[in-house]
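Residue strings, one per chain:
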Amino acid sequence: MELEISAGAGIEAELRTLRADAQQRAVTEHILALADQAGYGAALVAAVAPGHAQAVVISWPQFAHMVRAAARGLSRRGLQQGDTAGIFVGDAVSHAVAVHAVRAAGAVAAAVRPTRSAADIAAQLKQGRARLLITSADLADLAIQAAERSWVRQVFAFGEAEGTTPFDSLLQTSQTPRHGQHQADETTSRDGHNGSNNNGRNGSHGHADGPAPARVLDPAELEPERLEPEGLGQDGGAPQLIRRPVPRLTCRDVVVAAPPCGDPEAYTSMLDLALAAGATVVAAPLAQVTAALGVYKGTAAIVPRGTDVPGLPAGRVLAVG
């Protein structure tokens, strides 16, 4: 009887995992479909990118092209449907591109909790059964150390890093510019996140790879809730937890995102929420989030819990614990 109970619990856990994976892929399909319908407004902006004096902008069509090209590249290199790829990167732009490329390949994107311990990263990779890891050049040494202690056999990196395969190599069959990026001029980077065409929604430029995916979600379905303490419980006990809905975002929002922080699943969900709404995500170092909000006219921020964000109402701060 105990064996039957254990097996049943294992099957239920597996079903929950399969449902979660299917939901994540549906989110990516929704975002790619949205990108196909958008004009050349900005999907992602790297406020400060290594080697660039100005912001680096990825338009919606470029983002969709990068994700699809990288997904094909990952598949060519052995990533199969249902496999797990670890994501350990240093900024929101790389995080979004990596996560959606892995999902578009039919695999599971498992974001790694930020840490400076190779052993901790290796344990997370083992727990997720990851065979592939995507990282950033500045984190590559730590990523390689972790990979050597896990089952990971391939490490891809944004940028050049010894011992890794450049993420750009996944896009080699693409005809778009390197990384699908272009440097922003002052008008794009400072005065408007989606250009002058009504936030990019009037554009008729679709994606050249074919029709948009058929499965599209209502962004309202993606809005998570967060639990927050509110005062002490009865008799001075532990604080009571209350549910607060995350604010609804639209295509007119500019969301400034700190580097990956806190709970990796929650961080990924916040980025998904922003992109699924058609908002522009601006990646900035944590110390520069406030400045980026001013420069890019940000309307919301994704930051670690407890971070003070002057100039934004509390309800527009998406805190990741």
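What counts, and where the lines are drawn
- Residues numbered from 1 in each chain as written.
- Predicted model: local features only at pLDDT ≥ 70, side-chain atom pairs only at ≥ 80, totals over all residues.
- Heavy atoms only, no water.
- Helix = DSSP H or I, 4+ residues; strand = E, 2+ residues; numbered from the N terminus.
- Contact = heavy atoms within 4.5 Å.
- Buried < 20%, exposed > 50% of the residue type's maximum accessible area, 1.4 Å probe, protein only.
- Arc of directions from axis to C-beta.
- Core = buried A, V, L, I, M, F, W, Y, C linked by side-chain atoms within 4.5 Å.
- Salt bridge = Lys/Arg side-chain N within 4 Å of Asp/Glu carboxyl O.
- pLDDT = per-residue confidence, 0-100.
- Pairing = 2+ DSSP bridges.
- Axes fitted to C-alpha atoms, helices over the stretch in contact; angles between N-to-C directions.
- Parallel < 35°, antiparallel > 145°, perpendicular 65-115°, else oblique.
- Left-handed = near helix turned anticlockwise from the far one by under 90°.
- Nonpolar A, V, L, I, M, F, W, Y, C, P; charged D, E, K, R; others polar.

Draft legend 1. Spotlight on the overall build of the protein. Within the protein one finds eight helices and 14 strands. Within the protein, contacts between residues at least 6 apart in sequence are counted, and of these 68% link residues at least 24 apart.

Draft legend 2. Expanded view of unusual backbone geometry. Phi angles above zero are rare outside glycine, and Arg129 is one such case at about 60°. Relative to the helices and strands, Arg129 resides in the loop between α4 (118-127) and β5 (130-136). Unusually for a residue other than glycine, Lys297 sits at a positive phi of about 55°. Within the fold, Lys297 resides in the loop between α8 (289-295) and β13 (300-304). Assessed through its relative accessible area of 52%, Lys297 is described here as exposed.

Draft legend 3. Local environment of α4. If you check which residues of α4 are buried, you get Ala118, Ile121, Ala122, Gln124 and Leu125. Buried residues of α4, seen end-on, are gathered within an arc of 160° and therefore sit on one face of the element. Next to the buried residues of α4 lie β3 (84-88), β5 and α5 (140-148). The positive-phi residue at the C-terminal boundary of α4 is Arg129, with phi of around 60°.

Draft legend 4. Local environment of the nonpolar core. Judged by nonpolar contacts, the single largest core of 61 residues is most densely connected at Leu44, Trp60, Phe63, Val102, Ile134 and Ile302. Take this core: its biggest share by element is nine residues, from helix α2 (residues 60-76). Those residues in contact with Ile302 that lie beyond four places of it in its chain are Val255, Val256, Ala257, Ala258, Tyr267, Met270, Leu271, Leu318 and Val320. One finds Val57, Ala284, Ala292 and Val303 within the second-largest nonpolar core, a separate group that totals 19 residues.

Draft legend 5. Local environment of the pattern of salt bridges. Per the counting criterion, the structure on display carries four salt bridges. Two residues, Arg103 and Asp272, come together in a salt bridge whose shortest N-O distance is 2.9 Å. Of this pair, Arg103 sits in helix α3 (residues 92-104) while Asp272 sits in helix α7 (residues 264-276), and the two are 169 residues apart along the sequence. What makes Arg103 buried here is its relative accessible area of 4%. What makes Asp272 buried here is its relative accessible area of 10%. In this structure, Arg113 and Asp120 form a salt bridge, with 3.0 Å as the shortest nitrogen-oxygen distance. With relative accessibility at 24%, the residue Asp120 sits in the partly exposed group.

Draft legend 6. The confidence of the model for the protein, seen in detail. Model confidence for the protein is summarised by a mean pLDDT of 78, while 69% of its residues fall at 70 or above. Note that residues 1-11 has pLDDT below 50 and, in this model, zero contacts with residues that lie over four places away or in other chains. Ignoring residues within four places in sequence, the model shows residues 174-235, a span with pLDDT below 50, making 148 contacts including any to other chains.

Draft legend 7. Region of interest: the sheet that holds β5. One open sheet holds the five strands; their spatial order is β4-β3-β5-β6-β7, and the pairing between them is parallel. The two strands at the open ends of the sheet, each matched to only one other strand, are β4 (108-111) and β7 (165-166). Both β5 and strand β6 (residues 154-158) contribute to a ladder of five bridges, which runs parallel. Counted as the bridge partner of Leu133 is Val155 from β6.

Draft legend 8. Structural context of the packing of α4 against α5. Close contact between α4 and α5 brings their axes to 8 Å; oriented N to C, the two are set at 55°. Overall, the two elements α4 and α5 adopt an arrangement that is oblique. For the element pair α4 and α5, the recorded crossing hand is right-handed. When α4 is examined against α5, the residues Ala118, Ile121, Ala122 and Leu125 are found in contact with a partner set consisting of Leu142, Gln145 and Ala146. Across the contact of α4 with α5, the residue classes tally to six nonpolar, one polar and no charged.

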